[in-house]
Amino acid sequence: MYHNNSVRLLSGNSHPELAHAVAERLGVSLVPCTVKKFSNGETSVTISESVREEDVFIIQSGCADVNDHFMELLILISACKTASARRITAVIPCFPYARMDKKDKSRAPITAKFVANMLTVAGCDHVITMDLHASQIQGFFDIPVDNLWSEPLVISYIKQYIPGWRESIVVSPDAGGAKRVTAIADKLDVDFALIHRKRDGKSATAPERMEILVGDVKDKASYVALLVDDMIDSGKTLSLATRTLYEKGAKTVYALISHGLFSETNMSAMEELPIMQLIVTNTVPQRIHQNACSKLVVIDISSIIAESIRRTHNGESISLLFGEWAENSNITLCQ
């Protein structure tokens, strides 16, 4: 399958389930490596096989204990670099600190740029990630960055599993997601809308509500609302948006989110939320969240990650992963 069989797949502790799924799809074995902590919290890495002159791919997502997992990634990269790996690619399905992509207030750090610098200094030659919170993060790097999209998989899921999608409206809960929802709406040939969160007063404790900025839903007696966002953390935006859409006449609401972090989310509250399904990808582990919320549906992205690794290793274009290849591939759901 590979030229000179020179690909080597490694994984840290952030998402071993995804790493094993990618390895299985590629028909290779994960390189045995031990990533652990000393009693004082320092990270120890031991790679048990030679990676000299090999094409190394390290799968590590930015989730849960994000600082520890990012440190693991840096040390794994450095270990492979000093072990004379030919090329080192960091496969980061959920990019850490992606929300800190600009200086939005005085003395605020642009941490995403700092993360890019650390990856490069550690010895990373190439980055593969998915659904960056802000596309300009690609410009923070002086090395190639491939930002994969979950959009084709989401479109395929909508067509296969959501009844009545032809009479749906694709909705973004903020103006920043306009490009994302318009692209999906165009491919589905349906309408779109943008809603925006605002407070009813100037006080920080004033109640919040949402209003529709773009899109006309008044003339639709009932419609299927497809609420699309790149990330869910606390779940507050989702709750407000869902209530607003039902007030505006939605018949059912489906939430489709790329990165289901759920670090501040009460999953029992998600269970009670009046949505039909909460669809996320497995860029971060979802097993615990699935057990806590029956409405949670998880799309497996291991196929698109594996194909991007195969194409990168063989020097092939990965542009097909942004369109028909993913849309026409079979959707696998994590049970």
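Just so we're clear, the structure is a prediction, and the values are computed from it rather than from any experiment.

Q: Help me understand the pattern of salt bridges, please; the structure alone is not making it clear to me.
A: Two side chains of opposite charge can pair, provided their charged atoms sit close to one another. In the structure shown here, the tally under the stated rule is 13 salt bridges. Of the charged contacts, one joins Asp 55 and Arg 87 as a salt bridge, the two residues approaching to 2.7 Å between their closest N and O atoms. One end of the pair, Asp 55, is in strand β4 (residues 55-59); the other, Arg 87, is in strand β5 (residues 87-92), with 32 residues separating them in the sequence. Glu 151 is the partner of Lys 187 in a salt bridge, and the nearest nitrogen-oxygen pair spans 3.0 Å. Linking Lys 187 in helix α5 (residues 178-188) with Glu 151 in helix α4 (residues 151-161), this pair joins segments that are 36 residues apart in sequence. Connected via shared salt-bridge partners are Glu 307, Arg 310, Arg 311 and Glu 316.

Q: Looking at this structure, I do not really get the packing of aromatic side chains. What am I missing?
A: Where two aromatic rings form a pair, the distance of their centres and the angle of their planes describe that pair. If you walk through the whole model with that rule in mind, you get 2 aromatic pairs. Ring centres 6.0 Å apart and planes at 75° place the aromatic pair Phe 95 and Phe 141 in the edge-to-face group. Separated by 46 residues along the polypeptide, Phe 95 in the loop between β5 and α3 (111-122) and Phe 141 in the loop between β6 (126-130) and β7 (145-148) bring together distant segments of the chain. You'll find Phe 95 and Phe 141 in the same group, each marked buried.

Q: What am I meant to see in the UniProt feature "domain: Ribose-phosphate pyrophosphokinase N-terminal" (unreviewed entry) in the chain here?
A: Under the local residue numbering, the UniProt record ascribes the feature "domain: Ribose-phosphate pyrophosphokinase N-terminal" (unreviewed entry) to residues 8-123. For the annotated span residues 8-123, helix accounts for 34% and strand for 22% of the residues, and the straight-line distance between the end C-alpha atoms is 16 Å.

Q: What is the right way to read the domain arrangement of the chain from this model?
A: Many analyses report the size of an interface as the accessible area lost when the parts associate. Each domain of the chain was delimited in the assignment, giving domain 1 (7-148 + 301-324) and domain 2 (151-299). On a C-alpha basis, the centroid separation for the pair domain 1 and domain 2 is 28 Å. With 18 residues of domain 1 at the interface, the matching set in domain 2 holds 16 residues. Roughly 1,400 Å² of surface becomes buried between domain 1 and domain 2 when both sides are summed, with 55% attributable to carbon and sulfur atoms.

Q: Can you walk me through the nonpolar core in this structure?
A: Counting 44 residues, the largest nonpolar core has Leu 9, Val 22, Ile 158, Val 170, Leu 188, Leu 226 and Leu 256 as the members making the most contacts within it. Val 22 has contacts with Leu 9, Ile 59, Ser 302, Ile 305, Ala 306 and Ile 309, leaving out every residue within four places of it along the chain. Core analysis: the second largest hydrophobic core is formed by 33 residues, Ile 77, Ala 85, Ala 98 and Ala 112 among them.

Q: Please explain the environment of Pro 93 as it appears in this structure.
A: Within the secondary structure, Pro 93 sits in the loop between β5 and α3. Taking the C-alpha atoms as reference, Pro 93 lies 8.7 Å from Leu 148; in sequence the two are 55 residues apart. When sequence neighbours within four positions are dropped, the list of residues in contact with Pro 93 reads Leu 18, Gln 60, Ser 61, Thr 129, Met 130, His 259, Thr 283 and Ile 301.

Q: Sorry if this is basic, but what is going on with the side chain of His 69 here?
A: On the secondary structure map, His 69 appears in helix α2 (residues 66-82). Polar contacts involving the side chain of His 69 include one to the main-chain carbonyl oxygen of Cys 63, which spans 3.0 Å.

Q: When you look at the packing of α4 against α5 in this model, what are you seeing that I'm missing?
A: For any two helices packed against each other, the geometry comes down to the angle between their axes and how far apart the axes lie. Put simply, α4 and α5 touch, their axes get as near as 11 Å, and they point 45° apart. The pairing of α4 with α5 is recorded here as oblique in orientation. With respect to the hand of their crossing, α4 and α5 are arranged in right-handed fashion. When α4 is examined against α5, the residues Glu 151, Ile 155, Ile 158 and Lys 159 are found in contact with a partner set consisting of Ala 183, Ile 184, Lys 187 and Leu 188.

Q: In this structure, what is going on with the sheet that holds β6? I would like to understand it.
A: Note on sheets: strands pair through backbone hydrogen bonds, and any given pair is parallel or antiparallel. The strand order across the open sheet formed by 5 strands is β1-β4-β5-β6-β7, and the pairing between neighbours is parallel. Across the chains shown, the open sheet's two edge strands, defined by having one partner strand only, are β1 (7-11) and β7. Averaged over neighbouring strand pairs, the angle between their axes works out to 20° when direction is ignored. Alignment of β4 against β5, held across 5 bridges, turns out to be parallel.

Q: Can you walk me through unusual backbone geometry in this structure?
A: For residues besides glycine, phi is generally negative; the peptide bonds are generally trans as well. Here the phi dihedral of Arg 107 falls at roughly 65°; this positive angle occurs in a residue that is not glycine. Positionally, Arg 107 belongs in the loop between β5 and α3. Given a relative accessible area of 75%, Arg 107 falls into the exposed group. One non-glycine residue, Phe 262, adopts positive backbone phi at about 55°. The topology assignment puts Phe 262 in the loop between β12 (250-260) and α7 (267-272). A relative accessible area of 4% means that Phe 262 is categorised as buried.

Q: I would appreciate a short explanation of α4 in the present structure.
A: One full turn of an α-helix is made of 3.6 residues, so residues set three or four places apart face in the same direction. Summarising burial for α4: 8 of the 11 residues are buried, a large majority. Along α4, the positions that sit buried rather than exposed are Glu 151, Pro 152, Leu 153, Val 154, Ile 155, Ser 156, Tyr 157 and Ile 158.

Q: Would you mind going over the pairing of strand β14 (residues 296-299) with me for this structure?
A: Residues in a regular strand project their side chains so that they alternate between the two faces of the sheet. Taking every second residue as pointing to the same face, both faces of β14 are buried, with Leu 296 and Val 298 on one and Val 297 and Ile 299 on the other. Judged from the 4 bridges that link them, strand β13 (residues 277-281) and β14 form a sheet pairing that is parallel. Bridging from a neighbouring strand, Ile 279 pairs with Val 297 of β14. Where β14 and strand β15 (residues 333-334) come together, 2 bridges link them in antiparallel fashion. Residue Val 298 lies in a different strand from β15, and its bridge partner there is Cys 334.

Calculation rules
Residues numbered from 1 in each chain as written. Predicted model: local features only at pLDDT ≥ 70, side-chain atom pairs only at ≥ 80, totals over all residues. Heavy atoms only, no water. Salt bridge = Lys/Arg side-chain N within 4 Å of Asp/Glu carboxyl O. Helix = DSSP H or I, 4+ residues; strand = E, 2+ residues; numbered from the N terminus. Phe/Tyr/Trp six-rings, centres within 6.5 Å; stacked < 30°, edge-to-face > 60°. Buried < 20%, exposed > 50% of the residue type's maximum accessible area, 1.4 Å probe, protein only. UniProt positions renumbered as here; feature names shortened; annotations may be inferred. Domains from an automatic or database assignment. Contact = heavy atoms within 4.5 Å. Buried area = accessible area lost by both parts, 1.4 Å probe. Core = buried A, V, L, I, M, F, W, Y, C linked by side-chain atoms within 4.5 Å. Polar contact = N/O pair within 3.5 Å; in protein donor to acceptor, adjacent residues only side chain to side chain. Axes fitted to C-alpha atoms, helices over the stretch in contact; angles between N-to-C directions. Parallel < 35°, antiparallel > 145°, perpendicular 65-115°, else oblique. Left-handed = near helix turned anticlockwise from the far one by under 90°. Pairing = 2+ DSSP bridges.

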